[in-house]
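Single-letter residue listing:
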Amino acid sequence: MASKTDRIKSLRAVRQLRRIRTFYAAGALVWAASTAWTGWQTPGGRQMWVSALLLAIFAGLLFTASLLLQRLRAAGPAEPAHHAAPSRAARSRHAHA
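Residues numbered from 1 in each chain as written. Predicted model: local features only at pLDDT ≥ 70, side-chain atom pairs only at ≥ 80, totals over all residues. Heavy atoms only, no water.

Chemist: Would you mind showing me how to read the packing of aromatic side chains here?
Modeler: Given two aromatic rings, their pairing is described by the distance between the two centres and the angle made by the two planes. Tallied over the entire structure, the rule returns four aromatic pairs. Taking 6.0 Å as the distance between ring centres and 55° as the angle between the ring planes, the aromatic pair formed by F23 and Y24 counts as tilted. Aromatic pair W37 and W40: ring centres 5.6 Å apart, planes at 50°, arrangement tilted. One end of the pair, W37, and the other, W40, are both in helix α1 (residues 4-41), three residues apart, so they sit about a helical turn from each other. W40 matches W37 in its accessibility class, with the two residues each being exposed. (Phe/Tyr/Trp six-rings, centres within 6.5 Å; stacked < 30°, edge-to-face > 60°. Helix = DSSP H or I, 4+ residues; strand = E, 2+ residues; numbered from the N terminus. Buried < 20%, exposed > 50% of the residue type's maximum accessible area, 1.4 Å probe, protein only.)

Chemist: So what exactly am I meant to see when it comes to helix α2 (residues 46-74) here?
Modeler: In this model, α2 (29 residues) spans 42 Å end to end at C-alpha, consistent with the 42 Å of a helix rising 1.5 Å per residue. Those residues of α2 lying buried are M48, S51, F58, A65 and L69. (Expected span 1.5 Å × (residues − 1).)

Chemist: Quick question: what am I supposed to make of the environment of S51 here?
Modeler: If you trace the backbone, S51 turns up in helix α2. What makes S51 buried here is its relative accessible area of 4%. Sequence separation of S51 and T38 is 13 residues, and the distance between their C-alpha atoms is 8.0 Å. In contact with S51, not counting residues within four places along its chain, are W31, S34, T35 and T38. (Contact = heavy atoms within 4.5 Å.)

The following block contains the structure:
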């Protein structure tokens, strides 16, 4: 059973990875457009290769963030979130008081 702080850290990590994955996806789209534009304007030029390098970096970061997010989701907590309804055993225990 995971402790409460472990679950909170896991939820924070998932939220942060979702945000950063969106940022990396936007960066990859920008650099893909930049690479296509500079490749059309000056094929084989230095600017095209710099854009291609930055596109590769953002694509690698996007892949890594997506992979980590997928692993965190797969290893997610098996117990319900703190806002979920209490289990039947917890309710019956208080009903006899």
